Amino acid sequence: FDGDKQLFPPTNASITLRNGFVQTSYYPQPVSNLDVDVAINGQSGTYNDLHIQLKPVSFQFEQQPFSLTADLRNLNNVAYNIAAKGTLNLGNLYQVFAIPDYGFKGMLKADLALQGTQTDLMEGRYQALNNKGTLEAINWQLRSRDYPYPFEVPTASLRFDREKAWLSNTQIQYRGNSMMLSGYASNFIGYYLQGSPLTGKLSVRSKKLVIDDFMELMPADSSAAADSTTASTGVV
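So, a few notes on the structure that sits alongside this text. The numbers attached to residues start from 1 for each chain and follow its sequence in the written order. Where totals are concerned, whole chains, interfaces and linings use all residues; where local detail is concerned, this predicted model gives features only for residues with pLDDT of at least 70, and gives and counts side-chain atom pairs only at 80 or more. Each side-chain value is worked out from all heavy atoms of the structure, with water and hydrogens disregarded.

Let us look at the pairing of strand β3 (residues 51-61). Here strand β2 (residues 31-42) pairs with β3 via eight bridges, running antiparallel. Following the sheet pairing, V36 is matched in β3 by V57. Should DSSP find at least two bridges between two strands, the strands are regarded as paired. Numbered from the N terminus, helices here are DSSP runs of H or I no shorter than four residues, and strands are runs of E no shorter than two. As paired strands, β3 and strand β4 (residues 64-73) are joined by nine bridges and run antiparallel to one another. When the bridges of β4 are listed, F61 appears paired with Q64. Linkage of β3 to β4, two consecutive antiparallel strands, is achieved through a turn of two residues, within which E62 is found at a positive phi near 50°.

In structure tokens, the structure reads:
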């Protein structure tokens, strides 16, 4: 596999798992009823004829079911058919896998169906795209080792409609700072699958921001410690 040269080993693979579960020592509840049915096919050794199918991947976590289906063809000009539905307690699911130095809490609700091709999007044939549905975030809280306080997202909604994903009702809070976000993004499929540029427009509104709250301070140069004009510096 060479992502830079878009080379993929000639593959004819099928992966099936029925009624599996994932249990770790970090959280008492497992990911259960895990069903995986994945097929990967491509004979040329390039992205052109690569075909990836998730048909589907589904599981249950804390009595909440979630499923994801996907059909992806030709990653050079991706044709996609993706659907996701269910509710996830991301905070508790995060604990199952216990990634160090970060913390996460919150719920995610998904009811999403995306279908189209990258060419239709790039050439403006938006009527050929069938992207619709929503992703809803509820009471998200993100902690990072880089910031002493958590980032909080009480509500956020991402609505998909043809070529655009619309962000609305989105509030971000950090310490005493509060921001409202709205806008849209397009080329989201190309961005996630191919790394091509994400385009769009984002509006950020806030009555007041304390920039010091977002500073990472660096110590003063020890060689100039005697210089009374030398002080700690920082970057946002």
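Back to the text.
To continue, consider unusual backbone geometry. In this structure, the amide linkage connecting K55 to the following residue, P56, adopts the cis form with an omega of -5°. As for its position among the elements, P56 is in strand β3. One non-glycine residue, Q6, lies in the positive phi region at around 60°. If you trace the backbone, Q6 turns up in the segment before β1 (11-22). For every residue, the accessible area obtained with a 1.4 Å probe (protein chains only) is divided by the maximum for its type, and the residue is called buried under 20%, exposed over 50%, and partly exposed between those limits. Residue Q6 is classed as partly exposed on the basis of its relative accessible area of 35%. Positive phi, normally seen in glycine, also occurs at R162, with a value near 55°. Secondary-structure assignment places R162 in the loop between β8 (151-161) and β9 (164-174).

In this model, the largest pocket occupies a volume close to 580 Å³. Forming the walls of the largest pocket are 23 residues, and the residues nearest its centre are L135, L158, F160, F188 and Y192. In terms of residues, the lining of the largest pocket owes the most to one element, helix α3 (residues 188-194), which gives five residues. Gly is placed with the polar residues, together with every amino acid not listed as nonpolar (Ala, Val, Leu, Ile, Met, Phe, Trp, Tyr, Cys and Pro) or charged (Asp, Glu, Lys and Arg). Here the residues of the lining of the largest pocket are counted per class, giving 19 nonpolar, three polar and one charged. The calculated volume of the second largest pocket comes to roughly 280 Å³. Cavity and pocket criteria rest on a 1 Å grid covering protein atoms alone: a 1.4 Å probe that fits but cannot get out defines a cavity, protein on both sides within 12 Å along at least 5 of 7 lines defines an open pocket, and an atom within 4 Å of a point defines a lining residue. Forming the walls of the second largest pocket are 13 residues, and the residues nearest its centre are A137, W140, A156, L167 and T170. Of all the elements in the fold, those that place two or more residues in the lining of the second largest pocket are β7 (132-144), β8 and β9. Grid points are joined across faces, edges and corners, and a volume is the space filled by probe spheres set on the points.

Scanning all chains against the criterion turns up one cavity of 30 Å³ or more. Y80, T117, Q118, L121, L129, N131, R162, E163, F188 and I189 together form the lining of the largest cavity. Listing elements by their share of the lining of the largest cavity, those giving two or more residues are α2 (118-122) and α3. Taken together, the residues of the lining of the largest cavity break down into five nonpolar, three polar and two charged.

Now for the sheet that holds strand β5 (residues 79-89). In spatial order, the strands read β1-β2-β3-β4-β5-β6-β7-β8-β9-β10-β11; together these 11 strands make up an open sheet with antiparallel pairing. A single partner strand is all that each edge strand has here, and the edge strands are β1 and β11 (199-205). Taken over all neighbouring pairs, the strand axes of this sheet differ in orientation by 15° on average, direction set aside. Relative to β8, β7 runs antiparallel, the two sharing 10 bridges. Note on β8: the bridge partner recorded for L135 is L158. We call two residues contacting when some pair of their heavy atoms lies within 4.5 Å. Every axis corresponds to a line fitted to the C-alpha atoms, with the helix fit spanning only the stretch in contact, and the corresponding angles, defined between N-to-C directions, vary from 0 to 180 degrees. Here helix α1 (residues 90-97) sits on the sheet in contact with β1, β2, β3, β5, β6 (102-117) and β7, set at roughly 105° to β6.

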